[in-house]
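Fold and contact review
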Amino acid sequence: MKWSGCAEVEQTVGKVSGAWVFTGTRVPLAALYENLACGATIHDFVEWFPGVSEQQVKAVLAHEAMSLKKALIT
């Protein structure tokens, strides 16, 4: 997944071991997917991870959906 085109995430060497995190936080994207896979809602996630907004989560999911759609077309 190419996250560099999504402004809601960032990757910095030395920050959370270089993992992609929500911009302005130390919350890795992996935390979102792990929680969703376990049945959490977006509302649950933003409540459990202060600093991450619902807008950021929705933008990340939309970015991934668009990337997957492009991959299926090509």
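The notes below deal with the structure included here. (Residues numbered from 1 in each chain as written. Predicted model: local features only at pLDDT ≥ 70, side-chain atom pairs only at ≥ 80, totals over all residues. Heavy atoms only, no water.)

**A closer look at the overall build of the protein chain**
Counting its regular elements, the protein chain contains three helices and two strands. Sequence-ordered secondary structure for the protein chain, helices as α and strands as β, is β-β-α-α-α. Over its C-alpha trace the protein chain gives a radius of gyration of 12 Å, about what one expects of a compact globule, namely 11 Å for 74 residues. The principal-axis extent of the C-alpha atoms belonging to the protein chain is close to 35 × 30 × 20 Å. In the protein chain, once contacts between residues fewer than 6 apart in sequence are set aside, the share between residues at least 24 apart is 38%. (Helix = DSSP H or I, 4+ residues; strand = E, 2+ residues; numbered from the N terminus. Rg over C-alpha atoms; globule rule 2.2 N^0.38 Å. Contact = heavy atoms within 4.5 Å.)

**What about the environment of Ala-7?**
The topology assignment puts Ala-7 in the segment before strand 1 (9-10). Sequence separation between Ala-7 and Phe-22 is 15 residues; the distance between their C-alpha atoms is 9.0 Å.

**What to know about the pattern of salt bridges**
Two side chains with opposite charge may pair up if their charged atoms get near one another. Per the stated rule, a full pass over the model turns up two salt bridges. Among the ionic pairs, Glu-10 bridges to Lys-15, the shortest N-O distance being 2.8 Å. Residues Lys-58 and Glu-54 are paired through a salt bridge, measuring 2.8 Å at the closest nitrogen-oxygen approach. Here Lys-58 pairs with Glu-54, and both are found in helix 3 (residues 54-73), just four residues apart, close to one helical turn. (Salt bridge = Lys/Arg side-chain N within 4 Å of Asp/Glu carboxyl O.)

**Considering the packing of helix 1 (residues 29-37) against helix 3**
Orientation of helix 1 relative to helix 3, taken along the N-to-C sense of each, is 85°, at an axis distance of 12 Å. As far as their axial angle goes, helix 3 and helix 1 are roughly perpendicular. Residues Leu-29, Leu-32, Tyr-33 and Leu-36 of helix 1 form the contact with helix 3, whose participating residues are Val-57, Val-60, Leu-61 and Glu-64. Its residues assigned to classes, the contact of helix 1 with helix 3 shows seven nonpolar, no polar and one charged. (Axes fitted to C-alpha atoms, helices over the stretch in contact; angles between N-to-C directions. Parallel < 35°, antiparallel > 145°, perpendicular 65-115°, else oblique. Nonpolar A, V, L, I, M, F, W, Y, C, P; charged D, E, K, R; others polar.)

**A closer look at the packing of aromatic side chains**
Under the definition given, this model contains two aromatic pairs. For the pair Phe-22 and Phe-45, a centre-to-centre distance of 5.9 Å together with 45° between the ring planes defines the contact as tilted. Placement of Phe-22 in strand 2 (residues 21-22) and of Phe-45 in helix 2 (residues 42-48) is noted, with a sequence separation of 23 residues between them. Considered together, Phe-22 and Phe-45 belong to a single accessibility category, that of buried residues. One aromatic cluster is present, built from ring pairs that chain together Phe-22, Phe-45 and Phe-49. (Phe/Tyr/Trp six-rings, centres within 6.5 Å; stacked < 30°, edge-to-face > 60°. Buried < 20%, exposed > 50% of the residue type's maximum accessible area, 1.4 Å probe, protein only.)

These results come straight from atomic positions and should not be treated as a statement about function.
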